[in-house]
Amino acid sequence: MPAPAAAVEIFEDLAQLTRRAAEIFVEASNRAVAQRERFTVVLSGGRTPQDLYRLLADASEYRDRIPWRSSHFFWGDERCVPPTHPESNFKMAFSAMLSKLDLPAENIHRIRAELPSPEAAQGYEDELRRFFSIGEGQAPDFDLVLLGMGPDGHTASLFPGSEAVREKKRLVVAPWVAKLSSFRITLTPPALNGGRQVTFLVAGADKAVALEAVLEGEPDPERFPAQAIQPSRGSLIWLADRPAASRLRALNS
Ligand code: 6PG
């Protein structure tokens, strides 16, 4: 039995997908601040969201509609490098967006991935539990979680075959990723599935096989970790461009 249906929106190209994601970001931020006086968002790494981050900060039609000073930025995963390293997800988002805004420093919740990985993971978990005032068995209720997906169906740094995909209690772990020959720091499914709105941004023909498997194949999150993202109380939306969605029945029915 395939995973529960998620909302799938298909766009001609990355530019149109990015504009839709920007609207989702604006709506989620204003709804959160109106209801809870703050907006908490998990940023994804990788290439796909870079245009979104630039658009939000550069285009007045979005920038001027976002309550930036009430917004708190978190990361879904991080490479084990300093924040100045070209591979850093923090550096990517900071350069594309956060550095251009007048944000209180305490609103930027960076994963300190320059530390030894177990310490970095525990430190971030402690920060999440402290910020959201949650204990064991509870998950953060991020207002918006942005995720990408690799051609192998990974998301954040939850890679196929990784025990991190099966994690049920911890919010942040530091798995060894054999295919990358490196450790990563990643939020776990429990941490990501507490989100009020989870939005995947998937673009490129190289994602088509994995996207078909994740959305229309049998549940097999060990093989396709993006399937482990099933929000427990929030909504799940997949934004895909036509090349990435080219194998979906929904597109070809
Ligand atoms: C990372 C991301 C990762 C990314 C996918 C897709 O640290 O790279 O968290 O999960 O979202 O690999 O990456 P692209 O957007 O570059 O295709």
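Here the structure is a predicted model, which is why all the values come from computation and not from measurement. (Residues numbered from 1 in each chain as written. Predicted model: local features only at pLDDT ≥ 70, side-chain atom pairs only at ≥ 80, totals over all residues. Heavy atoms only, no water.)

Draft legend 1. Expanded view of helix 5 (residues 117–131). The terminal C-alpha atoms of helix 5 lie 21 Å apart, and with 15 residues this matches the ideal 21 Å at 1.5 Å per residue to within 8%. Taken together, the buried positions of helix 5 are Ser-117, Ala-120, Ala-121, Tyr-124, Glu-125, Glu-127, Leu-128, Arg-129 and Phe-131. Looking at the buried side of helix 5, the elements it contacts are strand 2 (39–43), strand 3 (71–75), strand 6 (172–173) and strand 8 (182–187). Just downstream of helix 5 lies Ser-133, where phi reads positive at about 50°. (Helix = DSSP H or I, 4+ residues; strand = E, 2+ residues; numbered from the N terminus. Expected span 1.5 Å × (residues − 1). Buried < 20%, exposed > 50% of the residue type's maximum accessible area, 1.4 Å probe, protein only. Contact = heavy atoms within 4.5 Å.)

Draft legend 2. Examining the environment of Leu-211 more closely. Along the chain, Leu-211 falls in helix 7 (residues 208–216). Between the C-alpha atom of Leu-211 and that of Gly-195, which follows or precedes it by 16 residues, the distance is 21 Å. Not counting the four nearest positions on each side in its chain, Leu-211 is found in contact with Met-149, Glu-216, Trp-238, Ala-240, Ala-244, Ala-245 and Leu-248.

Draft legend 3. Layout of the site of the ligand. The immediate surroundings of the ligand are formed by 16 residues, with Thr-48, Asp-77, Arg-79, Ala-156 and Lys-207 found nearest. Asn-89 is positioned such that a nitrogen or oxygen atom in its side chain is 2.9 Å from an oxygen atom of the ligand. Backbone polar atom of Ala-156 to an oxygen atom of the ligand: 2.7 Å apart, as the coordinates give it. When the ligand sits alone it has 410 Å² of accessible area, and the protein chains cover 92% of it. (Near = heavy atom within 4 Å. Polar contact = N/O pair within 3.5 Å; in protein donor to acceptor, adjacent residues only side chain to side chain. Areas by Shrake-Rupley, 256 points an atom, 1.4 Å probe, with all protein chains shown as cover.)

Draft legend 4. Broad picture of the nonpolar core. In terms of nonpolar packing, the biggest core is built from 81 residues, with Phe-25, Phe-73, Trp-75, Met-97 and Trp-238 touching the most fellow members. In terms of residue count, helix 1 (residues 14–36) provides more of this core than any other element does, eight residues in total. Ignoring any residue separated from it by four or fewer positions in sequence, one finds Met-97 in contact with Leu-43, Tyr-53, Leu-56, Ala-57, Trp-68 and Phe-73. (Core = buried A, V, L, I, M, F, W, Y, C linked by side-chain atoms within 4.5 Å.)

Draft legend 5. Up close: the pattern of salt bridges. Scanning all chains against the criterion turns up 20 salt bridges. In this structure, Arg-166 and Glu-222 form a salt bridge, with 2.8 Å as the shortest nitrogen-oxygen distance. Here the residue Arg-166 occupies a position in the loop between strand 5 (144–147) and strand 6, and Glu-222 occupies one in the loop between helix 7 and strand 10 (235–241), the gap between them amounting to 56 residues. Arg-166 gets classed as partly exposed once you look at its relative accessible area, which sits at 41%. In the salt-bridge network here, residues are joined through shared partners; they are Arg-36, Asp-141, Asp-143 and Arg-196. (Salt bridge = Lys/Arg side-chain N within 4 Å of Asp/Glu carboxyl O.)

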